[in-house]
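Commentary on secondary and tertiary structure
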Amino acid sequence: MRSWGRYLICGVAGLLIGGGGAVWSVRAGALGSSDRIGPWTTGRDFGTAQASPYTRAVVALRGLLALPATEARYYNAAVDDAGRPLEGRCTYMIDGGGLPARWWSLTLYDPAGYLVANKPGIYSVGSAGLPSSEQAHWSVVVAPEPQPGHWLPTGKSGRFELTLRSYLPDDGGKGNFTVHQLPSITRGACA
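None of these values were measured; they are calculated from a predicted model.

Below, the discussion takes up the sheet that holds strand S7 (residues 137-143). Pairing is mixed across the open sheet formed by four strands, whose spatial order is S8-S7-S4-S10. The sheet terminates laterally at strand S8 (151-153) and strand S10 (184-190), the two strands that pair on one side only. The mean angle between the axes of side-by-side strands here comes to 20°, regardless of whether they run parallel or antiparallel. In this sheet, S7 lies alongside strand S4 (residues 90-97) in antiparallel orientation, the contact comprising six bridges. Among the inter-strand pairings, Ile-94 is bridged to a residue of S7, identified as Val-140.

Printed below as a string of structure tokens:
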């Protein structure tokens, strides 16, 4: 084989491997440059003018309408407190307290970033829907079957992720919540 043929093959292979690696990295990305806080991850630079090209690509793919950090902070969990992947066939207790923000929402997504289809059409639980007696301490059950109290159905899907959005954070979005401020994710029984 001639040398130009080898160069062409190596160039095409490099483009395919590099392009495939970049696509995989962005699709698997967790909010760009991220910090891990217990089971939760959050981006350091999304919603800022300093956002890296990688962060911009992840937000474009998974973070539809991401607001600036001064308006919202996003925390994503794909594992429980023990580090096990979140599975749709299992039951989880999400326990949280008053977050240092004006209001918050907790939403269940599939790994591709889409809402998980479920018969009751419940996709999110938020502080605005909680009675005042539950604002300081709240619980949400994430499970495939109906549960008493606040329930997010998994639709019996495979793996899923939780996104906690905190709107108008008290510190103006300058810092992250601590592990003690973020909700715990405890796995119960699995079907």
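That was the structure; now back to the text.
What follows covers the environment of Glu-71. Relative to the elements of secondary structure, Glu-71 occurs in the loop between helix H2 (53-62) and strand S3 (72-77). Between the C-alpha atoms of Glu-71 and Arg-102, which are 31 residues apart in sequence, the distance is 9.8 Å.

Here we come to the pattern of salt bridges. Throughout the structure, instances matching the rule amount to two salt bridges. For Asp-80, the salt bridge is made with Arg-84, and the minimal N-O distance between the two is 3.0 Å.

To continue, consider unusual backbone geometry. Positive phi values are uncommon outside glycine, yet Leu-168 reaches one of about 50°. Following the sequence through the fold, Leu-168 ends up in strand S9 (residues 161-169). Residue Leu-168 is classed as partly exposed on the basis of its relative accessible area of 38%.

Counting 26 residues, the largest nonpolar core has Trp-40, Ile-94, Leu-106, Val-142 and Leu-162 as its most contacted members. Broken down by secondary-structure element, the contributors of at least two residues to this core are S3, S4, strand S5 (101-109), S7 and S9. What Trp-40 contacts, discounting residues up to four positions off in sequence, is Asp-35, Tyr-75, Asn-76, Ala-77, Leu-106, Leu-162, Leu-164, Leu-182, Pro-183 and Ile-185.

What follows deals with the packing of aromatic side chains. In this structure the tally under the stated criterion is four aromatic pairs. Judged by centre distance (5.7 Å) and plane angle (80°), the rings of Tyr-92 and Phe-160 are edge-to-face. One end of the pair, Tyr-92, is in strand S4; the other, Phe-160, is in the loop between S8 and S9, with 68 residues separating them in the sequence. Tyr-92 gets classed as buried once you look at its relative accessible area, which sits at 1%. On the accessibility criterion, Phe-160 (1% relative accessible area) is buried.

The next point concerns the sheet that holds S9. The strand order across the open sheet built from six strands is S1-S2-S3-S9-S5-S6, with neighbouring strands paired in antiparallel fashion. Every interior strand has two partners, whereas the edge strands, strand S1 (34-37) and strand S6 (124-126), have only one. The mean angle between the axes of side-by-side strands here comes to 25°, regardless of whether they run parallel or antiparallel. Where S5 meets S9, eight bridges bridge the pair, whose relative direction is antiparallel. The residue bridging Trp-104 from the neighbouring strand is Ser-166, located in S9.

On to the state of the cysteines, then. Per the counting criterion, the structure on display carries one disulfide. In this model, Cys-90 is linked to Cys-190 through a disulfide, with the two sulfur atoms separated by 1.9 Å. Between Cys-90 and Cys-190 the sulfur-sulfur dihedral comes to about 105°; the bridge is accordingly right-handed. A residue pair is termed long-range when its members are at least 10 positions apart, and Cys-90 in strand S4 and Cys-190 in strand S10 qualify at 100 residues.

Along the chain, the position of Ile-94 falls in strand S4. On the basis of relative accessible area, Ile-94 is assigned to the buried category, the value being 0%. Counting along the chain gives 93 residues from Ile-94 to Arg-187, while the straight-line C-alpha distance between them is 9.0 Å. Discounting chain neighbours no more than four positions away, the residues touching Ile-94 are Leu-106, Trp-138, Ser-139, Val-140, Val-142, Leu-162, Pro-183, Ser-184 and Ile-185.

Criteria and cut-off values
- Residues numbered from 1 in each chain as written.
- Predicted model: local features only at pLDDT ≥ 70, side-chain atom pairs only at ≥ 80, totals over all residues.
- Heavy atoms only, no water.
- Pairing = 2+ DSSP bridges.
- Helix = DSSP H or I, 4+ residues; strand = E, 2+ residues; numbered from the N terminus.
- Axes fitted to C-alpha atoms, helices over the stretch in contact; angles between N-to-C directions.
- Salt bridge = Lys/Arg side-chain N within 4 Å of Asp/Glu carboxyl O.
- Buried < 20%, exposed > 50% of the residue type's maximum accessible area, 1.4 Å probe, protein only.
- Core = buried A, V, L, I, M, F, W, Y, C linked by side-chain atoms within 4.5 Å.
- Contact = heavy atoms within 4.5 Å.
- Phe/Tyr/Trp six-rings, centres within 6.5 Å; stacked < 30°, edge-to-face > 60°.
- Disulfide = S-S within 2.5 Å.

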